[in-house]
Amino acid sequence: MPVRKIIHVDCDCFYAAVEMRDNPALRNVPLAIGGSAEQRGVISTCNYVARRFGIHSAMPTKWALRQCPSLVLLPHSFERYRDASRRVQQIFLSYTERIEPLSLDEAYLDVTGLPHCHGSATLMAQEIRQRIEQEVGITASAGIAPNKLLAKIASDWNKPNGQFVIRPEDVADFMPGLPIGKLWGIGKVTAERLARHGLHTCADVQRLTLQQLTLEFGNLGASLYAQSRGRDEREVKQREQRKSLSVEHTYARDLPDLETCLAQVPALYADFHQRLQRSSRGTPPNKAFVKIKYHDFTQTTMECSSREPEIELFAELLSKAWPRGKKPVRLLGVGIRFAEKETLPVDSHTLPLW
Ligand code: TTP
Ligand code: MG
C-alpha cells in the first residue's frame, strides 16, 4: 500500500463550544450540556473549565453538580449542533470528498495527493482548523499521520485547539511508549485483561511474536501485533454519494397522450424539488432526465446537460421523448444526475512534505 496522508479532525468540547459561541459569557464558567439531575440525566460533554473539576462525558449530572456546585448546566440544542456540524463538513468538502465522518464533530480525511498547501497535510490541517474557527466559531484539533489509527491518536495529543503530526519516519519511535488502551478496539475491559498478562504499552506487545500473540489472543493478537507497530490499513470510507436523484409516479389509469402527460409535470416537479432540497448533496447536478414507461412496459429515458433544471426543461424533454413510443403511459419520472468528481492522481512529489 502506498504511503497515505490522513487527517483526523475532532472539534473541542463540541456541544459546549457551540453554546459558548452563542453566549460568550459562558466561556469562563464551568459549563456542561446534559440531562437534569432530577431526571437522572447524564453529562453529554462539558467545557475545559469544567474538566478541571473532574467533570466528564457520561457522568451522572447529580455527581457532576456535587463535584462542582457552580456548574452551569444547559439542555441540548441539537439543531444548532447539527448546523455547526454541517458547516464543518462543508469546509472538509472544499478539500476532498474522501471524508469518513465518525460523529457530528469528528471525521477522517484522506488528503493523499491533494494539491492544496503544496501537498502538505500539516498545513492543510492548520488551514482547516483556522477556517472552522473563523467560519463556524468553534475550535478543533487535528492529527496528521499515514493511517487512521495514528491520526486519531495524534488528534488527541495537543487537544484542545492543537494538532500533532506523526510522519512515517516517526512511527517506530512513537509507538513503544504508547499505552495499549489508545489502540483501536481496545476498551477498558480488554486493556485490563491484557494488563493481567503484563501488557501495558506497545513496547510490551512488540516483544512478543505474531505466533505468540495469536496463540494467546486469536484475532485480537494479530491486530495487536500490527497496531503496536503503528500499522493500520483501514481505508477512509466515504459515505456513498448519491449519483442521481429522481421521483417517479405510476398512474392508476394510463395517460392516453402527450397532453395528459405534460399536465402531470408540475406535480412531479414539485415532488422532485422537495426531495432535492432535503438532499445532502452539495454539488450541482450536470444532467436532467425524464423517464417514460408505456402501458406495455416498454420504456425510454431522455436526458440533457443542465446545471439548474427547471420545470420547463422537464416538459421539453418529455415532449421530445414521448413520440418515441407514441403510446399510453403508465409511469413518468423526472430527475437529475450528478457529475462524478474526478479523483486526483497521487502526485509522488508532494508525499515527502508533511
Ligand atoms: P467528543 O468528541 O467525544 O467530545 P467533545 O467534542 O465534547 O470533547 P473533546 O474536546 O474531548 O473532543 O464528542 C462529541 C460530542 O458528542 C460531544 O460534544 C457531546 C456528544 N457526546 C455525548 O453526547 N455523550 C458522550 O458520552 C460523548 C463522549 C459525546
Ligand atoms: Mg470532540
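Please refer to the structure higher up on the page.
Residues numbered from 1 in each chain as written. Chains lettered and ligands numbered in written order. Predicted model: local features only at pLDDT ≥ 70, side-chain atom pairs only at ≥ 80, totals over all residues. Heavy atoms only, no water.

*Asks:* I'd love a proper account of the coordination of the magnesium ion (ligand 2), names of residues and values included.
*Replies:* Ideal geometry at a metal centre: 109.5 degrees between donors when four sit tetrahedrally, and 90 or 180 degrees when six sit octahedrally. Here the magnesium ion (ligand 2) is held by Asp10 (OD), Cys11 (O) and Asp105 (OD), and the distances to it run 2.1 to 2.3 Å. Classification of the site at the magnesium ion (ligand 2) as octahedral follows from its six donor atoms and the range of 85 to 177° in their angles at the metal. Within one chain, the residues donating to the magnesium ion (ligand 2) are spaced in sequence as D-C-x93-D. Remark: Asp105 occurs in the loop between strand 5 (99–103) and strand 6 (106–110) and Asp10 occurs in strand 1 (residues 6–11); sequence separation between them is 95 residues. (Donors = N, O, S within 2.8 Å, 3.2 Å for Na, K, Ca; no water. Tetrahedral: all angles 85-135°; square planar, octahedral: opposite > 155°, others 65-115°. Helix = DSSP H or I, 4+ residues; strand = E, 2+ residues; numbered from the N terminus.)

*Asks:* Before we move on, can you summarise the side chain of Asp204 with the specific residues and values?
*Replies:* Of note, Asp204 is situated in helix 9 (residues 202–206). A residue is classified by how much of its surface remains accessible, and Asp204, at 14% relative accessible area, is buried. Side-chain polar atoms of Asp204 contact the backbone nitrogen of Thr201, separated by 2.9 Å. Setting aside its immediate chain neighbours within four residues, Asp204 contacts Gly198 and Leu199. (Buried < 20%, exposed > 50% of the residue type's maximum accessible area, 1.4 Å probe, protein only. Polar contact = N/O pair within 3.5 Å; in protein donor to acceptor, adjacent residues only side chain to side chain. Contact = heavy atoms within 4.5 Å.)

*Asks:* A description of the pattern of salt bridges should follow, citing residues and the corresponding values.
*Replies:* For the coordinates displayed, the defined rule picks out 20 salt bridges. Its salt-bridge partner being Asp22, residue Arg80 comes within 2.6 Å of it at the nearest N-O pair. One end of the pair, Arg80, is in helix 4 (residues 78–93); the other, Asp22, is in helix 1 (residues 14–22), with 58 residues separating them in the sequence. Judged by relative accessible area, Asp22 falls into the partly exposed class, the value being 38%. Measuring nitrogen to oxygen at the nearest pair gives 3.7 Å for the salt bridge that ties Glu169 to Arg167. (Salt bridge = Lys/Arg side-chain N within 4 Å of Asp/Glu carboxyl O.)

*Asks:* Quick rundown of helix 13 (residues 311–321)? Include the residues and the values.
*Replies:* Of the residues making up helix 13, those classed as buried are Phe314, Leu317, Leu318 and Ala321. Looking straight down helix 13, one finds its buried side chains confined to an arc of 100°; they lie on one side. (Arc of directions from axis to C-beta.)

*Asks:* Describe the packing of aromatic side chains, with residues and values.
*Replies:* If you walk through the whole model with that rule in mind, you get eleven aromatic pairs. When the centroid spacing of 5.9 Å and the interplanar angle of 90° are considered together, the rings of Tyr15 and Phe78 count as edge-to-face. A residue pair is termed long-range when its members are at least 10 positions apart, and Tyr15 in helix 1 and Phe78 in helix 4 qualify at 63 residues. Take Tyr15: its relative accessible area is 19%, and that puts it in the buried class. Among the residues examined, Phe78 registers a relative accessible area of 38% and is labelled partly exposed. When the centroid spacing of 4.2 Å and the interplanar angle of 5° are considered together, the rings of Tyr15 and Tyr81 count as stacked. With Tyr15 in helix 1 and Tyr81 in helix 4, this pair connects stretches of sequence that are 66 residues apart. Residues Tyr15 and Tyr81 agree in their burial class; the two are buried. Members of the aromatic cluster, each reached through a chain of ring pairs, are Phe14, Tyr15, Phe78 and Tyr81. Here the basic side chain of Arg51 rests over the ring of Tyr48, its NZ or CZ set 4.2 Å away from the ring centre. (Phe/Tyr/Trp six-rings, centres within 6.5 Å; stacked < 30°, edge-to-face > 60°. Lys NZ or Arg CZ within 6 Å of the ring centre and 35° of its normal.)

*Asks:* I'd love a proper account of the site of ligand 1, names of residues and values included.
*Replies:* Inspection of the region around ligand 1 gives 13 residues, with Cys13, Thr45, Tyr48, Arg51 and Asp105 positioned closest. In this structure, Tyr48 approaches ligand 1 through a side-chain N or O atom, which is 2.6 Å from an oxygen atom. Within the side chain of Arg51, an N or O atom sits 2.9 Å from an oxygen atom of ligand 1. Elements supplying a minimum of two residues to the shell around ligand 1: strand 1, helix 1, strand 3 (43–46) and helix 2 (48–51). Residue contributions to the shell around ligand 1 reach at least three from each of two domains, namely domain 1 (6–12 + 84–169) and domain 2 (15–78). (Near = heavy atom within 4 Å. Domains from an automatic or database assignment.)

Shape descriptors only; they carry no functional weight alone.
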